[in-house]
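Commentary on secondary and tertiary structure
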Amino acid sequence: MTSLHSASAPRDFASRHIGPSPEEIAAMLKTVGADSLDALMAETLPADIRTPGPLTSMGAACSEVEALERLRALAARNTVFTSLIGQGYYGTHTPLVILRNILENPAWYTAYTPYQPEISQGRLEALLNYQTMICELTGLDIANASLLDEGTAAAEAMAVAERVSKSKSKTFFVDAECHPQTIAVVKMRAEPLGWNVVVGDPETELRADAVFGAVLQYPGTHGAVRDLRAPIAALKAAGAISVVAADPLALCLLTPPGKLGADIAIGSTQRFGVPMGYGGPHAAYMAVRDAIKRNIPGRLIGVSIDARGKPAYRLTLQTREQHIRREKATSNICTAQVLLAVMASMYAVYHGPAGLRAIAADVHQRTRVLAAGLAQLGFTPRDGRFFDTVTVDVGAQRDAIVAHAVAEKINFRLVGDGALGISLDETTTPAVVEAVWRAFGGQLAYADVQPAADALPQELLRATPCLKHPIFQEHHSETELLRYLRKLADRDLALDRAMIPLGSCTMKLNATAEMIPVTWPEFGNLHPFCPPEQAEGYRALFDDLQRWLVEITGYDAVSLQPNSGAQGEYAGLLAIRGYHAARGEGHRNICLIPSSAHGTNPASAQMVGMDVVVVDCDKDGNVDVDDLRAKAEKHGANLAALMVTYPSTHGVFEERIREICDITHRYGGQVYMDGANMNAQVGLSRPGEFGADVSHLNLHKTFCIPHGGGGPGMGPIGVKAHLAPFLPGHPALDGGTAPVGPVSAAPFGSASILPISYAYILMMGGDGLKRATEVAILSANYIAERLQPHFPVLYRNHNGRVAHECIVDPRPLKDGAGVTVDDIAKRLIDYGFHAPTMSFPVPGTLMIEPTESEALVELDRFCEAMIAIRREIAEVEAGRFAVEHSPLRHAPHTVHDLADAEWNRPYSREEAVFPAGIRREDKYWCPVNRVDNVYGDRNLMCLCPSPEEYRDSAA
Ligand SMILES: *Cc1c(COP(=O)(O)O)cnc(C)c1O
């Protein structure tokens, strides 16, 4: 055993991150019948994939203090200028009550995606507020919550348009006034699907009858506020779909896209209180007309009813459309930006419609003053119709002006052909405006300059209040808002209350030390397109992280651009596609995917234009190697890739993984290894060494970025050297010359959450990381061992071992007692637990992943809850009560049940709410009874309830 846990050593970080103590580990080893962790690993992983040496690149483990010092030093190498670059990213004030009570509050940031609605009512309400806010701002009927960034939201909208448009055209029109990164992301997304993208001026270059849709920017990237009614009407007349990319702050003053006739609106809610973060994370939005609602990608919150008929929120419709439609999905979006959507919605709750309007009006007023002053100095803005952005032609004086701006610590946007762009925001003070004038060579006093005449076109002024729903009126005192945030958080079960044993999703500790740097201004307040010399700290952090991830994975290069796992899959498949094409084998378009794959795999494959061929699994849950060989051979000439998850989604290290990779290579295919299960490999084996060519890593699983209730995440990809030239490029880095274009709007994805993974790796050190993996595997085997007598464990390897997760199979119980997997999941809530992953990858089963972070008491508490539930099932079997009248079917139980005057159930109230003697003091009270799924889908309702209060009472 390493010295990591020796009794005399001080409590280092790793021994706090890892739940079980050395003594507990010894006891657990005994339970599973292994002599040591080493012996258990030898029985679990195939010998031919084991990495011999330790991880060394990250050095010895740092203490929390040392790690934060290292991060402080990196932060100090970033220079925070006032960025007036705009282009989709703006300064904003995060209301401090939101900063501390959401962004820095584990009750919000450690929550899981709300698939179990009963324990997610708080965040579901916050997200419903978000959807309501977006619908009101955009004037459209239904909004999702949420998308990854504005660029990908535009690309998603294009895919929706292609699906629902009446036009047979394969051409999509993109307004030249869209942000450059949006144009680049849309072009990249269109190309593999065989769609043409035409970029131009919608007033003069849009041929509505020759396109299936168009995206127009409002206001334009260079600032102009144009009336888009004519192009939208032309598109509509031609049966094409119009998408408007709109700035939500501008929409507080402007006629909403829905009123202009648009079918879809998309955009970023970053400037609603979410720091720029050098590119992310922030929530993008999409809102659509009612007729398109069944095609909206991503997650949609709806209102349903619970078992008592009371309103309750839930994820509705195509909760994750790729899981249902798989390779027929238009989108692969899974992890999105929930935490940031919650923040943006609360920004609107905090300010209310009058406050938002005042912020927008202020920003606009300052911009008018700015424009007037610039005109006095001889730099009249190009366009007189603007909201917050002006573009000025400066010709040969540009370098001098920029040099002066640098001295004032201000960044402008460099626009081609000798122009500068200046975007103001809620943080811009008169002093900043004066500094801008100084950069342009003038000593003007803000108070002396009369604002430019009306810059917002009269016919585009918003006629109605921007937010009418009462929720945006009720919490304007900080006391009220604080209590509202607390009330919502208390409704939910997150990692700060109990283990979340989610197979495939690795819900582990998100240590406080890891979270601290995220809110430092040196990481938060950098604009993604600021001059690189201002982001030296970030670049150094990226370099280290890439180096460490290279060592951990055995790959040669890492891209940090994808901002979710699914985006990583997409980027990895684009790399494979680029590689084949560069070798003159662009015809290779078959992607083999085992039947057990995560839904994002086939969805990503179709997004890069590949055809999915499903490979069978055998009865042990492994890839059926004979079937793989047969299909690889059959499609040999066209084989592009195999997508395989390792260890498998069945929770087992397949013995024949090398052979599986070899077969794929033999027929000219590349191996995409889905790295969501990397928590079972770090320090023990390296995908890049046993045959895989590319993988994504879910930093929000294995590397401690918290789930945030469904995002943010980061999905960097590692590749072998031959694929490195085909990693995603970005116009801001390479001017658009890279062989593969961008997959995200920002060059480094959600850069500002990378310090979390950075701190984790530093504080664990190579030994700690390896130890974490070993304990994760031990914990899963421990649970498998303890539950086996009660619920059969479905898959094990030939030594009887599981990897870092295990699938238990209650299906026989359904046949016997009629108890469903849902009943078990909901009954677990009464015991104070979040359910394991349900029905993935095997319908009707539960997949349990404890992670290394859970202490033995918590593992035992969970096992005992499962065993107690099994006893309750036995009571159904024994005829004590019918399943319909059992505590299983009525679960979860609430205070409403307790308070009912009558109690006519065949079990006691005590058994209902305090099963198996759970501690009364610590009871988690679920706010609603079981939520009715069918009702919610039949009666789709995706806005905050109480529409009767929607009268024009608001400001
Ligand atoms: C989580 C997961 C993904 C998708 O990752 P996101 O970050 O949610 O997009 C892909 N594959 C597997 C096996 C996963 O568990």
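Residues numbered from 1 in each chain as written. Predicted model: local features only at pLDDT ≥ 70, side-chain atom pairs only at ≥ 80, totals over all residues. Heavy atoms only, no water.

**Some remarks on the overall build of the protein**
Check the secondary structure of the protein and you find 32 helices and 24 strands. At 28 Å, the protein has a C-alpha radius of gyration in line with the 30 Å of a compact globule built from 955 residues. With the principal axes as the frame, the protein shows a C-alpha extent of 85 × 70 × 60 Å. Residue burial in the protein is summarised as follows: out of 955 residues, 65% are buried. Counting only contacts in the protein whose residues sit at least 6 apart along the sequence, the fraction spanning at least 24 positions is 77%. Taken as a whole, the protein presents about 31000 Å² of accessible surface, with 51% of it coming from carbon and sulfur. (Helix = DSSP H or I, 4+ residues; strand = E, 2+ residues; numbered from the N terminus. Rg over C-alpha atoms; globule rule 2.2 N^0.38 Å. Buried < 20%, exposed > 50% of the residue type's maximum accessible area, 1.4 Å probe, protein only. Contact = heavy atoms within 4.5 Å. Areas by Shrake-Rupley, 256 points an atom, 1.4 Å probe, with all protein chains shown as cover.)

**Side note on helix α15 (residues 430–439)**
Within the sequence span of α15, burial applies to V432, V433, A435, V436, W437 and A439. The inward-facing, buried residues of α15 abut β1 (82–83), α13 (338–376), α14 (398–407), β12 (410–411) and β14 (419–423). At the exit of α15 stands G441, carrying a positive phi of roughly 90 degrees.

**Notes on the environment of P192**
You can see P192 is positioned in the loop between α9 (180–190) and β4 (196–200). In this structure P192 comes out as buried when scored by relative accessible area, which is 12%. C-alpha separation for the pair P192 and L461, spaced 269 residues apart in sequence, amounts to 40 Å. Leave out the neighbours within four places in its chain, and P192 touches L574, R577, M607, V608 and G609.

**What to know about the site of the ligand**
In the region of the ligand, 14 residues are neighbours, and T335, S504, D674, H700 and K701 sit closest. Separating an oxygen atom of the ligand from a side-chain N or O atom of N698 is a distance of 3.0 Å. The separation between an oxygen atom of the ligand and a polar side-chain atom of H700 is 2.7 Å. Contact with the protein chains removes 99% of the 380 Å² of surface that the ligand exposes when unbound. Residue contributions to the shell around the ligand peak at 3 residues, all from helix α20 (residues 565–582). Residue classes in the shell around the ligand are distributed as 3 nonpolar, 8 polar and 3 charged. (Near = heavy atom within 4 Å. Polar contact = N/O pair within 3.5 Å; in protein donor to acceptor, adjacent residues only side chain to side chain. Nonpolar A, V, L, I, M, F, W, Y, C, P; charged D, E, K, R; others polar.)

**Remarks on the packing of helix α4 (residues 64–76) against helix α19 (residues 536–553)**
In contact at an axis separation of 6 Å, α4 and α19 are set at 135 degrees when each is read in the N-to-C sense. Judged by the angle between their axes, α4 and α19 are oblique. Every residue of α19 that contacts α4 at R70, L71 and L74 is listed here: G537, A540, L541 and W548. Residues of the contact of α4 with α19, tallied by class, amount to 5 nonpolar, 1 polar and 1 charged. (Axes fitted to C-alpha atoms, helices over the stretch in contact; angles between N-to-C directions. Parallel < 35°, antiparallel > 145°, perpendicular 65-115°, else oblique.)

**Some points on the UniProt feature "domain: Glycine dehydrogenase C-terminal" (unreviewed entry) in the protein**
Per the UniProt entry, the sites bearing "domain: Glycine dehydrogenase C-terminal" (unreviewed entry) are residues 772–893 in this numbering. Helix makes up 48% of residues 772–893 and strand 7%. Its end C-alpha atoms lie 36 Å apart. (UniProt positions renumbered as here; feature names shortened; annotations may be inferred.)

**Things to note about the UniProt feature "modified residue: N6-(pyridoxal phosphate)lysine" (unreviewed entry) in the protein**
When the UniProt feature table is mapped onto this chain, "modified residue: N6-(pyridoxal phosphate)lysine" (unreviewed entry) is found at K701. Along the chain, K701 falls in the loop between β20 (694–696) and β21 (717–719). Residue classification places K701 among the buried positions, given a relative accessible area of 9%. When neighbours within four sequence positions are excluded, K701 is seen to be in contact with S504, C505, T506, K508, A676 and H707. Engagement of the side chain of K701 in a polar contact is seen with the backbone oxygen of S504, the distance being 3.4 Å.

**Thoughts on unusual backbone geometry**
Residue P219 is reached from Y218 by a cis peptide bond, and omega for that bond is -10 degrees. Among the secondary structure elements, P219 is positioned in the loop between β5 (213–218) and α10 (229–237). Backbone geometry at C704 places phi at a positive 75 degrees, although glycine is not the residue there. Tracing the backbone through its elements, the reader meets C704 in the loop between β20 and β21.

**What about the pairing of strand β9 (residues 301–305)?**
When you tally the buried positions in β9, you get 4 out of 5 residues, the bulk of the element. Of the strand pairs in this sheet, β9 and strand β10 (residues 311–315) are connected by 5 bridges, and their pairing is antiparallel. Within β10, the residue paired with V303 across the bridge is Y313. Hairpin geometry of β9 and β10 is characterised by an intervening segment of 5 residues between the two adjacent antiparallel strands and by a positive phi of about 80 degrees at G309. (Pairing = 2+ DSSP bridges.)

**Thoughts on the packing of helix α2 (residues 22–32) against helix α25 (residues 754–787)**
Between α2 and α25, the shortest axis-to-axis distance is 9 Å and the interhelical angle comes to 45 degrees. On the basis of their axis angle, the class for α2 and α25 is oblique. Between α2 and α25 the crossing geometry is left-handed. On α25, the residues that touch I25, M28, L29, T31 and V32 of α2 are R771, V775, L778, S779, N781, Y782, E785 and R786. Per-class residue counts for the contact of α2 with α25 are 7 nonpolar, 3 polar and 3 charged. (Left-handed = near helix turned anticlockwise from the far one by under 90°.)

**Some points on the environment of C62**
Along the polypeptide, C62 turns up in the loop between α3 (37–44) and α4. Residue classification places C62 among the buried residues on the basis of a relative accessible area of 11%. In the structure, C62 is positioned 811 residues away from I873 in sequence and 48 Å away in space, judged by C-alpha atoms. Among residues more than four places away in sequence, those in contact with C62 are A67, R70, L762 and M763.

**Digging into the sheet that holds strand β23 (residues 837–838)**
Taken in spatial order, the 3 strands of this open sheet run β22-β24-β23, and their pairing is antiparallel. Lying at the two open borders of the sheet, with one neighbouring strand each, are β22 (806–808) and β23. Pairing of β23 with strand β24 (residues 846–848), which is carried by 2 bridges, proceeds in the antiparallel orientation. Following the sheet pairing, T837 is matched in β24 by M847.

**Focus on the sheet that holds strand β2 (residues 142–143)**
Across the sheet, 7 strands lie side by side as β2-β8-β7-β6-β5-β3-β4; this open sheet has mixed pairing. Of all the strands in the sheet, just β2 and β4 have a single pairing partner and so form its edges. Lying on the sheet, helix α7 (residues 121–138) is in contact with β2, β7 (264–268) and β8 (284–288); it crosses β8 at an angle near 65 degrees.

**Points about a nonpolar patch on the surface**
Residues V895, L898 and W925 make up a contiguous nonpolar surface patch of about 220 Å² in total accessible area. Along the chain, W925 falls in the loop between α31 (909–913) and α32 (933–938). (Patch = residues over 30% accessible without salt bridge, like charges linked within 9 Å, V, L, I, M, F, W, Y side chains within 5 Å. Salt bridge = Lys/Arg side-chain N within 4 Å of Asp/Glu carboxyl O.)

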